[in-house]
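Chain by chain, the residues:
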Amino acid sequence: MSSTPGPVIVVIGPGSIGQAIARRVGIGKHILLADLRAANTQAAAQVMRDAGYRISTTTVDVASRASVQALVDQATALGDVVGIIHAAGVSPSQAAPEVILKVDLVGTALVLELFGHVITPGGSGVVIASQSGHRLPALTPDEDKALATTPTEALLALPLLQGVTDPLRAYQLSKRGNALRVRAEAVRWGERGARINCISPGIIITPLANDELTGPRGAGYHRMIDLCPVGRAGTPDEVGALAALLMGPDGSFITGSDFLMDGGVTASYWHGPLAPQ
């Protein structure tokens, strides 16, 4: 394929959801896949190359400023960065609270900050958060502002993040923080003529979700699916369809927003049969 520089889409975390989005917004563009594990990017690259996409791969540790900056530099060397898909992260069953906060909260802040310096006018991005951020009770206005605007390196020192020992609590705070950070960063991205939004999916069927559904917490996941208004789990392609709207011309009036797509699990949690007893 031609090596001529052209529009670049960066996919951080090219799993099922990242790929589903990239397939919709990456046609005719150079797609740079990045993940902590090279094996993950290589597997995704093979699938997408076989489908006709132009792919490059690299590794990135989103919790490291130097690593994210290196990714930015590699992306801009390929061409104009017109799209960012940030779908990397760790779940409560995968990591300790301090790792979750560093990867999911600080890592997302780094991606938004550093790619916000180079995103092309007219470009757009999407961050994949989680329904878990919507199950956290309301924070104070000062706590919301702190998560949204505190300098990246100072985030982990915030009082509300001290003494968090529950991985789920760390995950909920991180995902709430993602949505708040996107809202704040939309102002700065807008100064470059670019847009950024957040999607908070519920249970989406991926290899990781299938592991959870058959694992020790599987009964809880099945209960959420059975008792939500839609009565089923979601698919990566459904997330991809929403992301394509947000990143494309039909979404040009949308920025700084968080879209909850969970089949109504959160509605049922707050107002229905999934409400805590």
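These notes cover the structure that comes with them. Fair warning: this is a prediction, and the values are worked out from it, not measured in the lab. Per-chain numbering applies: the sequence of each chain, read as written, is numbered from 1 onward. Owing to the predicted nature of the model, reporting of local features is limited to residues with pLDDT of at least 70; listing and counting of side-chain atom pairs is limited to 80 or more, with chain, interface and lining totals taken over all residues. Hydrogens and water are ignored here; the side-chain numbers use all heavy atoms of the structure.

Turning our attention to the pattern of salt bridges. A pairing counts as a salt bridge when a side-chain nitrogen of Lys or Arg comes within 4 Å of a carboxyl oxygen of Asp or Glu. For the structure on display, the rule yields 6 salt bridges. Here R24 and D237 are joined by a salt bridge, their closest N and O atoms 3.4 Å apart. One end of the pair, R24, is in helix α1 (residues 16-25); the other, D237, is in helix α9 (residues 236-247), with 213 residues separating them in the sequence. Accessibility expressed as a relative area gives 37% for D237, which makes it partly exposed. Where E185 meets R188, a salt bridge forms, and the shortest distance between an N and an O atom there is 2.9 Å. Taken together, the residues span about one helical turn, with E185 and R188 both in helix α6 (residues 167-191) at a distance of 3 residues. Each residue gets one of three labels from its accessible area relative to the maximum for its type: buried under 20%, exposed over 50%, partly exposed in between, using a 1.4 Å probe on protein chains only. With a relative accessible area of 25%, R188 lands in the partly exposed category. Within the structure, one salt-bridge network assembled from shared partners comprises R23, R24 and D237. Secondary structure elements follow DSSP: runs of H or I no shorter than four residues count as helices, runs of E no shorter than two count as strands, and numbering proceeds from the N terminus.

Further remarks concern the packing of helix α5 (residues 141-149) against α6. For any two helices packed against each other, one specifies the crossing angle of their axes together with the interaxial distance. Only the stretch in contact is used when a helix axis is fitted, and all axes are lines through C-alpha atoms; the angle between N-to-C directions ranges over 0 to 180 degrees. Where α5 contacts α6, the axes come no closer than 7 Å and their chain directions differ by 75°. In terms of axis orientation, α5 runs roughly perpendicular to α6. Residues D144, A146, L147, A148 and T149 of α5 form the contact with α6, whose participating residues are L173, G177, L180, R181 and A184. Ten residue types, Ala, Val, Leu, Ile, Met, Phe, Trp, Tyr, Cys and Pro, are classed as nonpolar, four, Asp, Glu, Lys and Arg, as charged, and the remainder, Gly among them, as polar. Residues of the contact of α5 with α6, tallied by class, amount to 6 nonpolar, 2 polar and 2 charged. Small angles under 35 degrees read as roughly parallel and large ones over 145 as roughly antiparallel, with 65 to 115 read as roughly perpendicular and the rest as oblique. When checking whether two residues touch, look at their non-hydrogen atoms; a contact exists if any pair is within 4.5 Å.

Looking at the secondary structure, you find T206 in the loop between β6 (195-201) and α7 (207-213). Owing to a relative accessible area of 15%, T206 belongs among the buried residues under this scheme. Excluding residues that lie within four positions of it along the chain, T206 makes contacts with S16, I17 and P236.

Pairs of aromatic rings are described using the distance from one ring centre to the other and the angle between the two planes. Two aromatic rings from Phe, Tyr or Trp, using only the six-membered ring of Trp, form a pair when their centres are within 6.5 Å; if the ring planes differ by under 30 degrees the pair is stacked, by over 60 it is edge-to-face, and anything between is tilted. Counted under the stated rule, the structure contains 1 aromatic pair. Geometrically, the ring pair formed by Y269 and W270 is edge-to-face, given 5.2 Å between the ring centres and 90° between the ring planes. If you follow R135 out to its NZ or CZ, it ends over the ring of Y269, 5.2 Å from the centre. To sit over a ring, a charge needs its Lys NZ or Arg CZ within 6 Å of the ring centre and within 35 degrees of the ring normal.

With that settled, the discussion passes to the sheet that holds strand β5 (residues 124-128). Taken in spatial order, the 7 strands of this open sheet run β3-β2-β1-β4-β5-β6-β7, and their pairing is parallel. With partners counted over all chains shown, the strands left at the sheet margins are β3 (54-59) and β7 (258-261), one partner each. Each neighbouring strand pair of the sheet contributes to a mean axis angle of 20°, computed without reference to strand direction. Relative to strand β4 (residues 81-86), strand β1 (residues 8-12) runs parallel, the two sharing 5 bridges. Counted as the bridge partner of V10 is I84 from β4. Each of β1, β2 (30-35), β4 and β5 is contacted by α1, which is oriented at about 155° to β4, the strand it contacts most. Of the strands in this sheet, β1, β2, β3 and β4 are in contact with helix α3 (residues 65-78), which crosses β2 at around 165°. One requirement defines pairing of two strands: DSSP has to find at least two bridges between them.

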